[in-house]
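Next come the chains, spelled out residue by residue.
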There are 2 protein chains.
Amino acid sequence: MSDPKQVIIVGGGFAGLNAAKSLHRCKGIQITLIDRRNHHLFQPLLYQVAMAGLSPADIAAPIRGVLSRQKNLRVVCGEAKHVDASEQVLSTSIGELRFDYLLLSAGAMHSYFGHDDWEINAPGLKTIEQATEIRRRVLQAFEQAELTNDPLERRRHLTFVVVGGGPTGVELAGAIGEMSRFTLAKDFRNIDSKQARIILIEAGPRVLPMFSEQLASRAMRDLEQLGVQTWTSSRVTNITAQGVDVSGEHISASTVLWAAGIEASRLGSQSHFACDRQGRVMVNQDLSIPEHPNIFVAGDLCHFRGPDNQPLPGIAPVAIQQGRHFGKVVQADLRGQPRPEFHYVDKGQMATIGRSRAIAEVGKLRLAGFSAWLAWLVVHIYFLTGFRNRLFVIMSWAWSFVTFRRGARLILAKDWRAYAKSPAFDSQDSQAFTPAEDKASESNEDSTHAA
Amino acid sequence: MSDPKQVIIVGGGFAGLNAAKSLHRCKGIQITLIDRRNHHLFQPLLYQVAMAGLSPADIAAPIRGVLSRQKNLRVVCGEAKHVDASEQVLSTSIGELRFDYLLLSAGAMHSYFGHDDWEINAPGLKTIEQATEIRRRVLQAFEQAELTNDPLERRRHLTFVVVGGGPTGVELAGAIGEMSRFTLAKDFRNIDSKQARIILIEAGPRVLPMFSEQLASRAMRDLEQLGVQTWTSSRVTNITAQGVDVSGEHISASTVLWAAGIEASRLGSQSHFACDRQGRVMVNQDLSIPEHPNIFVAGDLCHFRGPDNQPLPGIAPVAIQQGRHFGKVVQADLRGQPRPEFHYVDKGQMATIGRSRAIAEVGKLRLAGFSAWLAWLVVHIYFLTGFRNRLFVIMSWAWSFVTFRRGARLILAKDWRAYAKSPAFDSQDSQAFTPAEDKASESNEDSTHAA
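Since we're looking at a predicted model, the values are computed, not measured.

A closer look at the overall build of chain A
Looking only at helices and strands, chain A has 13 helices and 25 strands in total. The buried share among the 451 residues of chain A stands at 62%. A separation threshold of at least 6 residues defines the contact pool for chain A, and within that pool the share at least 24 residues apart is 65%. By element, 51% of the accessible surface of chain A is carried by carbon and sulfur atoms, the whole surface being about 17,100 Å².

Description of the pairing of strand 11 (residues 159-163) of chain A
Residue and element names in this part refer to chain A. Within strand 11, five of the five residues are buried, which leaves the element mostly enclosed by the surrounding structure. Covered by surrounding structure in strand 11 are Thr159, Val161 and Val163 together with Phe160 and Val162, the residues of both alternating faces. Where strand 11 meets strand 12 (residues 197-201), five bridges bridge the pair, whose relative direction is parallel. Bridging across to strand 12, valine 161 finds its partner in isoleucine 199. Each parallel crossover has a hand, and the one from strand 11 via helix 7 (residues 167-183) to strand 12 is right-handed.

Structural notes on the nonpolar core
Formed by 114 residues in total, the largest nonpolar core has its most connected members in Met51(B), Leu104(B) and Phe326(B). Of all the elements, helix 5 (residues 128-147) of chain B adds the most residues to this core, at eight residues. Listed in part, the 113 residues of the second largest apolar core include Ala60(A), Val170(A), Ala219(A) and Ala319(A).

Looking at the packing of helix 1 (residues 14-22) of chain B against helix 10 (residues 316-335) of chain B
Residues and elements named next belong to chain B. Here helix 1 crosses helix 10 at 35°, and the two axes come no closer than 7 Å. You can see that helix 1 and helix 10 cross each other, and the crossing is right-handed. Counting all contacts with helix 1, which are made through Phe14, Ala15, Asn18, Ala19 and Ser22, the residues of helix 10 involved are Ala316, Ala319, Ile320, Gly323, Arg324, Phe326, Gly327 and Gln331. Across the contact of helix 1 with helix 10, the residue classes tally to seven nonpolar, five polar and one charged.

Re helix 11 (residues 370-383) of chain A
All names here are of chain A. The first and last C-alpha atoms of helix 11 sit 20 Å apart over 14 residues, in line with the 20 Å expected at 1.5 Å per residue. Among the residues making up helix 11, those that are buried are Ala372, Trp373, Trp376, Leu377, His380 and Ile381. The buried residues of helix 11 all sit within an arc of 155° when viewed along its axis, so they share a single face. Exposed residues on helix 11 whose side chains face more than 90 degrees from its buried face are Val378 and Tyr382.

Quick look at the packing of aromatic side chains
Applying the stated criterion to the full structure yields 19 aromatic pairs over all chains. Members of the aromatic cluster, each reached through a chain of ring pairs, are Tyr112(A), Phe113(A), Trp118(A) and Trp258(A).

Digging into the side chain of Asp35(A)
Residue and element names in this part refer to chain A. Summarising the element assignment, aspartate 35 is placed in strand 2 (residues 29-35). Arginine 36 provides the closest opposite charge to the buried, salt-bridge-free aspartate 35, at an N-O distance of 5.5 Å. In this structure the side chain of aspartate 35 is engaged in a polar contact, spanning 2.6 Å, whose partner is the backbone nitrogen of glycine 12. Among the polar contacts listed, one links the side chain of aspartate 35 to the backbone nitrogen of arginine 37, at a separation of 2.8 Å. Excluding its chain neighbours within four sequence positions, the residues that come into contact with aspartate 35 are Gly11, Gly12, Gly13, Ile63, Val76, Cys77 and Gly78.

Re the pairing of strand 11 (residues 159-163) of chain B
Pairing between strand 11 of chain B and strand 17 (residues 255-258) of chain B: four bridges, direction parallel. Pairing of Val162(B) across the sheet is with Leu257(B), part of strand 17 of chain B.

What about the sheet that holds strand 16 (residues 249-252) of chain B?
Either a parallel or an antiparallel arrangement is found when strands of a sheet pair, and the pairing is made through backbone hydrogen bonds. Residues and elements named next belong to chain B. Spatially, three strands are ordered 14-15-16 in an open sheet, and the strand pairing comes out antiparallel. On the outer flanks of this sheet lie strand 14 (236-239) and strand 16, each paired with one strand and no other. The mean angle between the axes of side-by-side strands here comes to 20°, regardless of whether they run parallel or antiparallel. Two strands pair when backbone bridges link them, and strand 15 (residues 243-246) and strand 16 are joined in this way by four bridges, in the antiparallel orientation. Within strand 16, the position partnered with aspartate 245 by the bridge is histidine 250.

Brief notes about the confidence of the model for chain A
Residue and element names in this part refer to chain A. For chain A, mean pLDDT is 86; residues scoring 70 or higher make up 87% of the total. Ranking the helices and strands of chain A by mean pLDDT puts strand 9 (residues 101-104) first, with 98, and helix 13 (residues 435-440) last, with 32. pLDDT under 50 marks residues 423-451. Its contacts with residues more than four places away, or in other chains, come to 76 contacts. For this predicted complex, the interface confidence comes out at an ipTM of 0.71, alongside a pTM of 0.79.

So, the pattern of salt bridges
Oppositely charged side chains are able to pair whenever their charged atoms sit close together. Taken as a whole and judged by the stated rule, the model has 30 salt bridges over all chains. Note that Arg156(A) and Glu153(A) form a salt bridge whose closest N and O atoms lie 3.1 Å from each other. Placement of both Arg156(A) and Glu153(A) in helix 6 (residues 151-157) is noted, with a separation of three residues, approximately one turn of the helix. By relative accessible area, which is 28% here, Glu153(A) ends up partly exposed. In this structure, Asp300(B) and Lys126(B) form a salt bridge, with 3.6 Å as the shortest nitrogen-oxygen distance.

Cut-offs applied
Residues numbered from 1 in each chain as written. Chains lettered and ligands numbered in written order. Predicted model: local features only at pLDDT ≥ 70, side-chain atom pairs only at ≥ 80, totals over all residues. Heavy atoms only, no water. Helix = DSSP H or I, 4+ residues; strand = E, 2+ residues; numbered from the N terminus. Buried < 20%, exposed > 50% of the residue type's maximum accessible area, 1.4 Å probe, protein only. Contact = heavy atoms within 4.5 Å. Areas by Shrake-Rupley, 256 points an atom, 1.4 Å probe, with all protein chains shown as cover. Pairing = 2+ DSSP bridges. Right-handed = clockwise from strand over helix to strand, strands pointing away. Core = buried A, V, L, I, M, F, W, Y, C linked by side-chain atoms within 4.5 Å. Axes fitted to C-alpha atoms, helices over the stretch in contact; angles between N-to-C directions. Left-handed = near helix turned anticlockwise from the far one by under 90°. Nonpolar A, V, L, I, M, F, W, Y, C, P; charged D, E, K, R; others polar. Expected span 1.5 Å × (residues − 1). Arc of directions from axis to C-beta. Phe/Tyr/Trp six-rings, centres within 6.5 Å; stacked < 30°, edge-to-face > 60°. Lys, Arg positive; Asp, Glu negative; His and termini not counted. Salt bridge = Lys/Arg side-chain N within 4 Å of Asp/Glu carboxyl O. Polar contact = N/O pair within 3.5 Å; in protein donor to acceptor, adjacent residues only side chain to side chain. pLDDT = per-residue confidence, 0-100.

In structure tokens:
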């Protein structure tokens, strides 16, 4: 009996995890799944963590835990750096790994269109740490507004800007609106949280371009009721700790969130594969890379031409189906059968607005309002990995829905040693909480006076 | 009608929160509750967060949320620095606050007996940030053990030291033991997590000195079954990133946890009140400070002589009862009635060992094993603040108990910007995860390569 084929999967997100699971019973292979993190993240619900509706553990599962029963697989915590396609070797932070089959499913990150200095003042939403940082800033803004007597400062703290009119931006903006108008409504004495102003900025002519105009319109009206103003055809030219410059105007805001640009992991481009402008790797119909039949790409890192000749969007259903397709191709190879081509079964798109509304579109079917929200709920819970997560998220949402209370409203310090010692007169620990100060002093410093 | 009396409560822990609630319907007062943090923390369950059994949001509640319906109260996020007893003014980070009644319930922190440099290598367990940092280090240790081929390194990563044989130390040690022998048992391929060695170090002659010898003995036997060795009459002389020096020996360990010394908030000593050696403020029978009848102390900051002439322990039931007593005294004053004296109703002590055992002692009643654990469960759930927390903690524990799975096993980065950008060849982001390196480079640096 020959040696087992070495299968390497880079990334434990939707694509990688489903690829691994699809090879659960496959004999004759040894799988290594490598990820920088120890957990699989259910990204569609990350905004709920950012808006203090869910805890990180509700939407993440330890990769080892999910795959512990799979005997032909081992999980490695490390970082993939470079693919040597001719030698069939993957260079990683923990050594060189030889492969017979390689799946690159390392996902995508945010792009600030060349303005990386904006990041410190406008966090994105791709990781749990970013989500809790956003949560911290949003809650802190209300605290700051409550404390100050300066009306201009108060206004600045009660102004929230979200850059990017796609589903993520819409969901974030709507959630802040809901928080300000319902959840926090009774919590403060000096301010009326309902006076919070939320501005959603989109460079294109309309928000939610992937949805029909009718549904996008409906979404904007629902957002308005939550206090969200939408500025379309507006391009951000600068972001500082004071606010945002957009289309010649300056918006004074202490909280700016980034949901605009996406760029794929550089693993593809650095390995010299043909990529598109966002760094996504071009693939054949079976998801393999041209001239490298044993190297595959799936998920947000993948540029796959759909039937309309456009690349498939970077959404979860695409990643899940592509991950599973990799499994099918490997098994076909092992059986000596021809490789199947990948065909995406369009599951449509959804976006929530606040706590009880959404829009959903599958082909010609369009839903809006509460029915769309129910559909969204069912779909997302179904896809959550691991029974615990599903049950808990249901319970958490049910509670939140009934009471408007957002249970996970914790403001946590950036430095774990903050608050660990008695401060009294220790000026380093003294707390003049302002997100602006936090941001200014963010890089490379001892952040014991972080909030 | 005269102006309302200004009542200030410092700290939203068990004492402060219960003091505030006890004055819910009291007319003629205006209460300000000031806390550096925005949440109330259920500290007895903090070790569960550290051991990845619960999420931070399960054991914390936003103070504003808990008290939002109390009309005579406002919550201020700030830090109390100094009490001017003669002027009846409290200096805080957000200004000078005048008071008619003041309750100092600012709690206590860890003490490293003058060796503050040990903190970086041996985190304590008093805040959520410390709990998640401990969680990170413990999980990371197993990951490191899995990755290394050096048997000495592997041993070091699989050795855990807990300093301090009180309830916190016992609970931490038992939980690591449970994690290594059950929860993570199937997760790794190179290591057998059951080989983890846990050493509990106590300077006194036995662990759990506040319990009877019989129960303390039982606890030690239960701990042994979870892989915990107990070293009594052993004093730690040094802690570095490599391990611990204790009683002339060196233990090579990559994870050291601190549960040994306690010192009260310096608010008392810095305000020149008479304090004991730990900084706890001496009080009269009605909890007021000698010569300052309108300034009170409750909780861990308070030194109250019990009937045996010993100070009451710094545990939750004491804090809760003292907080409520403050409410009674204020109301007695407003009615022109004599002030009641404080009498502690001893609710006993409890400590858990692992997932299904505990010891509990109330007066002469002693329980051990599973029955004690059930009692512990009921009591702690009852005292959790807020219905959501109770329900969720029940669900979470039930699940954990049934399946041994620890759902909240996330390793999160210290820097929220870590993982937010595509690293590929960016060496600053390259991941050679070792807690030792993290610790060595901990202070004042850019921790983008933190785990």
